[in-house]
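Residue-level structure breakdown
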Amino acid sequence: MGTTCLALGCLFFVVASASAQYFELKNVNQLAEAKKFQKIVIRDLQVPAGVTLDLSNLKPGTTVEFAGRITFGHKEWKGPLVKVTGKQLNIMAHSNARFDGEGHRWWKGGRESKLVKPRFFEAIVDDSTITGLYFKNTPAPCFLCNWCHNVAISKITVDTKDAGDGRAGKAFNTDGISLGYVKNVTVRDSYVFNQDDCFVTGGGEDMLIDNLTCEGGNGISVGSLGNGADVVRCTIRNSRVTNSLNGLRVKSETNAVGLHRGVTFENIELKDIHQYGISIYGNYGPTYPTGEPTFFVMDQLTMRNIKGTMKAPGGANVWIWLHKDSARNWKWENVNVVGGKSAMFRPPLTCKGVPQNLGIRCAEK
Ligand SMILES: *[C@@H]1O[C@H](CO)[C@@H](O)[C@H](O)[C@H]1NC(C)=O
Ligand SMILES: *[C@@H]1O[C@H](CO)[C@@H](O)[C@H](O)[C@H]1NC(C)=O
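Residues numbered from 1 in each chain as written. Chains lettered and ligands numbered in written order. Predicted model: local features only at pLDDT ≥ 70, side-chain atom pairs only at ≥ 80, totals over all residues. Heavy atoms only, no water.

Quick notes on unusual backbone geometry
The criterion, for reference: Secondary structure elements follow DSSP: runs of H or I no shorter than four residues count as helices, runs of E no shorter than two count as strands, and numbering proceeds from the N terminus. We call a residue buried when its accessible area falls under 20% of the maximum for its residue type, exposed when it is over 50%, and partly exposed in between, using a 1.4 Å probe and counting protein chains only.
In this model, Y288 is joined to P289 through a cis peptide bond whose omega is 0°. Structurally, P289 can be placed in the loop between β21 (259-284) and β22 (297-299). If you check the backbone angles, N305 has positive phi at about 55° while not being a glycine. Along the polypeptide, N305 turns up in strand β23 (residues 302-310). Its relative accessible area of 31% is what places N305 among the partly exposed residues.

What to know about the state of the cysteines
Here is the rule: Throughout, disulfides are identified as pairs of cysteine sulfur atoms within 2.5 Å of each other.
Taken as a whole and judged by the stated rule, the model has three disulfides. Each sulfur in the disulfide pair C145 and C148 lies 2.2 Å from the other. Taking the sign of the S-S torsion, -100° for the link of C145 and C148, the bridge is left-handed. Across this residue pair, the class does not change: C145 and C148 are buried. The disulfide that involves C198 links it to C214, with 2.1 Å between the sulfurs.

Describing the layout of surface pockets
Think of a ball as big as a water molecule: rolled over the atoms, this probe shows where empty space is left. Our working rule: Grid points spaced at 1 Å over the protein atoms alone were grouped into cavities, where a 1.4 Å probe fits but cannot get out, and pockets, open sets with protein on both sides within 12 Å along at least five of seven lines, with lining residues defined by an atom within 4 Å of a point. Grid points are joined across faces, edges and corners, and a volume is the space filled by probe spheres set on the points. Under the convention adopted here, Pro, Cys and the residues Ala, Val, Leu, Ile, Met, Phe, Trp and Tyr are nonpolar, Asp, Glu, Lys and Arg are charged, and Gly plus all remaining residues are polar.
Considering only enclosed or pocket space, the largest pocket measures out at about 920 Å³ in volume. At the level of secondary structure, the elements contributing two or more residues to the lining of the largest pocket comprise β14 (143-146), β17 (177-193), β18 (199-215), β20 (231-253) and β21. Lining the second largest pocket are 14 residues, with P289, T290, F345, P347 and L349 sitting closest to its centre. Across the lining of the second largest pocket, the residue classes tally to ten nonpolar, three polar and one charged.

Quick notes on the site of ligand 2
Test applied: We call a residue near a molecule or strand as soon as one heavy atom of that residue lies within 4 Å of the molecule or strand. As used in this structure description, the phrase polar contact means that two N or O atoms lie within 3.5 Å; if the pair is within protein, one of them must be able to donate a hydrogen and the other to accept it, and residues adjacent in sequence are counted only when both atoms belong to side chains. To be clear on the numbers: accessible area is Shrake-Rupley with a 1.4 Å probe, and residue cover counts the displayed protein chains and nothing else.
Around ligand 2, the surrounding shell consists of D189, S190, Y191 and N211. In this structure, an oxygen atom belonging to ligand 2 sits 2.4 Å away from a side-chain N or O atom of N211. For ligand 2, whose free accessible area comes to 360 Å², the fraction covered by protein is 34%. Each residue belonging to the shell around ligand 2 can be placed in one class, and the counts come to one nonpolar, two polar and one charged.

Let's talk about the environment of E215
Stated precisely, the cut-off is as follows: Contacts are assigned to residue pairs that have any heavy atoms within 4.5 Å of one another.
Structurally, E215 can be placed in strand β18. Here the alpha-carbon distance between E215 and Y191, two residues 24 residues apart in the chain, equals 8.2 Å. Here E215 is in contact with Y191, V192, F193, N194, T242, N243 and S244, once residues within four sequence places are set aside. Reaching out from E215, the side chain makes a polar contact with the side chain of Y191 at a distance of 2.9 Å.

Some thoughts on the environment of G282
Within the fold, G282 resides in strand β21. Residue classification places G282 among the buried residues on the basis of a relative accessible area of 1%. The sequence separation of G282 and F72 amounts to 210 residues, and the corresponding C-alpha distance is 39 Å. Ignoring sequence-local partners within four residues, the contact set of G282 consists of S252, E253, T254, P293, T294, W321 and L322.

Overview of the pairing of β18
Cut-off, in case you're wondering: Strands are treated as partners if at least two bridges between them are detected by DSSP.
Of all 17 residues making up β18, 13 are buried, and the element is well covered by its neighbours. As defined by bridge partners, β17 adjoins β18 across 14 bridges and the pair is classed as parallel. Bridge pairing in β18 links L179 to T201. The pairing of β18 with strand β19 (residues 220-223) spans three bridges and is classified as parallel. Note on β19: the bridge partner recorded for V200 is S221. Sheet analysis places β18 next to β20, joined by nine bridges and oriented parallel. Across the sheet, G204 pairs through a bridge with V231, a residue of β20.

Take a look at the structure:
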């Protein structure tokens, strides 16, 4: 629906051709009306503080198109600022569109902050596409697809450059792209500059991450939520991590129940990594990094064509810290991360549970 103002006053009209019918949302109070349409356009919207831009229960087949600048009022709350649920949705944005979280309003205090911060964008969708969304300055975790099935995600940008890189410690807990409990989800051609995990999954099946660029934050993390969450068939390929605390991490929590099966990293470039280039460990949680790793199956892990440099000799090229029975059927081919001499670690870094005969050089000095 649009509004046109003539000398006589304002007329409301619905765009005439049935196939092109759409609703242009000007105000969050119009959401119920908008959801009757097959296409919703959201342009230059200001969402009030403490309110979710609630695109839940959209009709199957709905297209949502974002344009202009979408902003949000400031409140200490958990969010999300935007929520989308439904099936067969097409969620997209014009190339100039920006979700601007104006996250600096929540970043105060960094890691020590007790402020409650909103998650930015959460989708729970099936058989859908999500493309072209550009997020500036996320207050907290940015883009989440949870319980998503058969979803193609592409061209997501998470741009929190205004907070500097992770060492600035400002925009704490700003994970970029997160998948949880998904099935058959792809993420392609995306870019993240943030201060926490670039990509993270705690659990799910059949995930493909292709052409992801990560800068500033905490790298790519495949790891358990604990509580029985499995990661099964997750491939991350043709991607790069630059100037980040960690490069690639595969982890499970201490005493986690669950497994990793078929996690593959392929054609990855790491550059200027500060702490660990590749780390694989089974003691995530309060006892990390020195506590005993507990048993957790990591079956069919593949690392192939991975090259990288550490920022300084203090870092570790590769660190593995697993229960002796965790690693099964690994492949480790053409992995060449260099420049680290594990010099920053006290006590000196050692490894556990490294599978034999793969030529893995762990915690090189
Ligand atoms: C996986 O999702 C895609 C959409 O991204 C769909 O085309 C494909 O059929 C799905 N595969 C299976 C096995 O369901
Ligand atoms: C990879 O993704 C970036 C966006 O981050 C895009 O500009 C580039 O064209 C993509 N590369 C390929 C080979 O598709």
